[in-house]
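Report on the structure
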Amino acid sequence: MKHELHDQILTISLEGRVDSANASQVEAELTEIRTNNPFEQLILDAENLEYISSAGLRVVLRVRKEVPTVKMINVRAEVYEILDMTGFTEMMKVEKGYRRLSVDGCEVIGQGANGKVYRIDSDTIIKVYFNADALPDIHRERELARRAFVLGIPTAIPYDVVRVGDSYGSVFELLNAKTFAQLVVAEPENADKYIALNAELLRKIHGTEVRPEDMPDMRDVALNWVEFLQPYLPEEDYNKLHALVEAVPVDHHMLHGDYHLKNVMMQNGETLLIDMDTLCQGDPVFEFASVWLAYLGYSELDHQIVKDFLGMDRTLTEKIWNDTIRLYFGTEDEATLQTYTDKARIIGYTRQMRRTIRRKGFETETGRAVIENCKQKLHELLPTVESLSFRG
C-alpha cells in the first residue's frame, strides 16, 4: 500500500479490491502506516480502487471512527455509488474521481487565455485548462454557462469534468459542430450569413440583463488596466483615460468578454456560444474592445498573428469587423461607425499595452514596438473622444 507524508498530511493509496479476502490485511497495513507516520490530516486516495465490499466498508468505518476528519478522494463512479448507497457520503467527506482522457493527436479548434479546446470525435469537444489547479475555474465557468442558458443565451454546457495529463478538462457534446471561423474559411460564399448571425447573437447577449452579483463588472476591471499604466503614460493622457473609463455608466447587461468567431459555433443550424469563463457585465464598449483586438488590434504590427489565430487574412478580418459593427448598430454612416471604432480602440490599446508589459514586453524588440504603438495611438485618440459609452 503506497503512502506519502507531506506537510503533516498523510495520503494512503488504496488499489485493486478490498473485500472479505483481504480486508483484515488492508486494515493491518493501514494501522501500521498511520502508526509510523504521525500526521495531522489523513487522506485515502481511491483513484485505483476498483471495488470495495461490505468488509472493506467496515475497515473504512473503523478508520473514520479513529480519525473523524479522514476523507476519501478520487473515488471512481462505481465505488462512489457503493459509498453513497451505504451512507458513507453523509458520514465523511468523499470526493469523486475524474475519468482520464487523452488529447494526443486531436484537432485543436480554439485557444484562449485559460485553456485550449480540442475535438475528441465528431460528437465531443474538450476544453483543457492550462492551470493544473483549475477545478474552481471549471465549476465557475459551468455556473456562468448555466446562468447564461437560463437567461436565454444559446450556449453549450459541459456535462463532464475529466483529467487530462496533470490538468483538468470540461467535456461538451457538440455533434458535428464547427466554429464560425471554420465555416467562414470553408464557405467564403456564405461569409456574410455567418457574420450576420454573429452580430445578431452579440446583440442578444448585450440585451440580456443580469443580476449585479452574478458576474464581474468590466468597468472595474478596465479601471485596473488603466491604473496599471499610470507609470507608463504621459500624465495628461493617463488622467484623460482614467476619467473616460471612470465615467462609463454602470451597466448590468451581459458581455461575453472574449467574443470572436472561434467562440461561436454552429450545430445543426443552431448558433451556440462557448468558452463562458469570461462572462461579465458592462457597457458594450468593453466587449467591442476585445472584438477589435481579436480581429485587428493584436495583429496591427504583424498581420501573421491573426492568420495564425483565426486562419484568415487580415483583409477578411477587417471586413468582419466593419460588417459586425455596421450590422450591430444598424447604420451605414461612416462617421458614426468610426466613432464607435475609436472608442473600442482606446480600451483595446489600454488592454494590449498592459498585457504586453505584464508579459515582459520591454525585454523584446517586438514587445517594445507593441507598447510604443499602443502609447502613441492612445495619445492620438484620447483628445478626440469625450465619452466611451456605447449606450450614451
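Summary of the structure given here. None of the values given here were measured: they were computed from a predicted structure. (Residues numbered from 1 in each chain as written. Predicted model: local features only at pLDDT ≥ 70, side-chain atom pairs only at ≥ 80, totals over all residues. Heavy atoms only, no water.)

1. Here's the deal with the layout of surface pockets
Empty pockets left among the atoms are what a rolling probe the size of a water molecule brings to light. Cut-off, in case you're wondering: Within this scheme a cavity is a closed region of a 1 Å grid, computed over the protein atoms alone, that accommodates a 1.4 Å probe without allowing it to escape, whereas a pocket is open but has protein on both sides within 12 Å along at least five of seven lines; lining residues each have an atom within 4 Å of a point. Grid points are joined across faces, edges and corners, and a volume is the space filled by probe spheres set on the points. Here a helix means four or more residues in a row that DSSP labels H or I, a strand means two or more in a row labelled E, and each is numbered from the N terminus.
What the second largest pocket holds in volume is close to 360 Å³. Along the wall of the second largest pocket there are 14 residues; nearest its centre are Val75, Arg76, Gly97, Tyr98 and Arg99. When residues of the lining of the second largest pocket are traced back to their parent elements, those giving at least two are strand S4 (71-75) and strand S9 (160-164). For the lining of the second largest pocket, the element with the most residues is S9, which contributes 3 residues.

2. Describing unusual backbone geometry
Which entries qualify depends on this criterion: Summary of the burial criterion: residues with accessible area below 20% of their type's maximum are buried, those above 50% are exposed, and those between are partly exposed, where the area comes from a 1.4 Å probe applied to protein chains only.
Not every positive phi belongs to a glycine, and Asp7 is a case in point at roughly 55°. As for its position among the elements, Asp7 is in the loop between strand S1 (3-6) and strand S2 (9-18). The exposure class assigned to Asp7 is exposed, which follows from its relative accessible area of 62%.

3. Let's talk about the sheet that holds S1
Stated formally: Paired strands, as defined in this entry, are two strands with at least two bridges between them according to DSSP. Here an angle of 0 to 180 degrees is reported between the N-to-C directions of two axes, which are lines fitted to C-alpha atoms, with helices fitted over the stretch in contact. Throughout, a contact is declared for two residues whenever any of their heavy atoms are within 4.5 Å.
On the basis of which strands lie adjacent, the open sheet formed by 5 strands has the order S1-S2-S3-S4-S5 and mixed pairing. Across the chains shown, the open sheet's two edge strands, defined by having one partner strand only, are S1 and strand S5 (93-96). With strand direction ignored, the average angle separating the axes of adjacent strands in the sheet is 20°. Pairing analysis gives 3 bridges linking strand S3 (residues 41-52) to S4, with the strands arranged parallel. Each bridged residue has a counterpart across the sheet, and for Ile43 the counterpart in S4 is Lys71. This element, helix H2 (residues 54-66), spans S2, S3 and S4 of the sheet and lies at about 175° to S3.

4. Considering the sheet that holds strand S13 (residues 264-267)
Strand order in the open sheet formed by 3 strands is S11-S13-S14, with antiparallel pairing between adjacent strands. The sheet is open, and its two edges are formed by strand S11 (178-179) and strand S14 (270-273), each paired on a single side. Relative to S13, S11 is paired through 2 bridges, and the arrangement is antiparallel. When the bridges of S13 are listed, Thr179 appears paired with Met265.

5. Let's talk about the pairing of S9
With 4 of 5 residues buried, S9 is to be regarded as a mostly interior element. Across 5 bridges, the pairing between S9 and strand S10 (residues 167-173) is antiparallel. When the bridges of S10 are listed, Val161 appears paired with Ser170. Once S9 ends, the chain turns through 2 residues before running back antiparallel as S10, passing Gly165 with a positive phi of about 60°.

6. Regarding helix H8 (residues 218-228)
An α-helical turn contains 3.6 residues, so any two residues separated by three or four positions project in the same direction. Definition in use: Within this analysis, the arc is defined by the directions that extend from the helix axis to the C-beta atoms. Nitrogen and oxygen atoms within 3.5 Å of one another constitute a polar contact, given that in protein one can donate a hydrogen and the other can accept it, and given that sequence-neighbouring residues count only through two side-chain atoms.
Of all the residues in H8, the buried ones are Met218, Arg219, Ala222, Leu223, Trp225 and Val226. Seen end-on, H8 carries its buried residues on one side only, within an arc spanning 155°. Two or three places before Arg219, at the start of H8, stands the capping residue Asp217, its side-chain oxygen 2.9 Å from that residue's backbone nitrogen.

7. What to know about the environment of Asp214
With respect to the helices, strands and loops of the structure, Asp214 is situated in the loop between helix H7 (191-206) and H8. Asp214 sits in the buried class, given a relative accessible area of 13%. C-alpha separation for the pair Asp214 and Arg147, spaced 67 residues apart in sequence, amounts to 8.4 Å. Those residues in contact with Asp214 that sit more than four places away from it in its chain are Leu144 and Arg147.

8. Quick look at H7
Going by this rule: A helix is expected to span 1.5 Å multiplied by its residue count minus one.
Here H7 contains 16 residues, and its C-alpha end-to-end distance of 23 Å stays within 8% of the 22 Å for a straight helix at 1.5 Å per residue. Along H7, the residues that are buried comprise Ala191, Tyr194, Ile195, Asn198, Ala199, Leu201, Leu202, Ile205 and His206. The buried residues of H7 all sit within an arc of 160° when viewed along its axis, so they share a single face. Where H7 is buried, its residues contact helix H6 (180-186), strand S12 (254-255), S13, S14, helix H10 (284-297) and helix H12 (314-329).

9. Concerning the nonpolar core
Let me state the cut-off plainly: Residues belong to one nonpolar core when they are buried, are Ala, Val, Leu, Ile, Met, Phe, Trp, Tyr or Cys, and are joined through side-chain atoms within 4.5 Å.
With 72 residues, the main nonpolar core has Tyr295 and Trp321 as its most contacted residues. With 10 residues, H10 is the single largest residue contributor to this core. Excluding anything up to four places from it in sequence, Tyr295 contacts Asn198, His260, Leu261, Val306, Leu310, Arg314, Thr317, Ile320 and Trp321. Listed in part, the 29 residues of the second largest apolar core include Ala46, Val70, Val75 and Met92.

10. Some words on the side chain of Arg219
In this fold, Arg219 is placed in helix H8. Using a relative accessible area of 16% as the deciding quantity, one classes Arg219 as buried.

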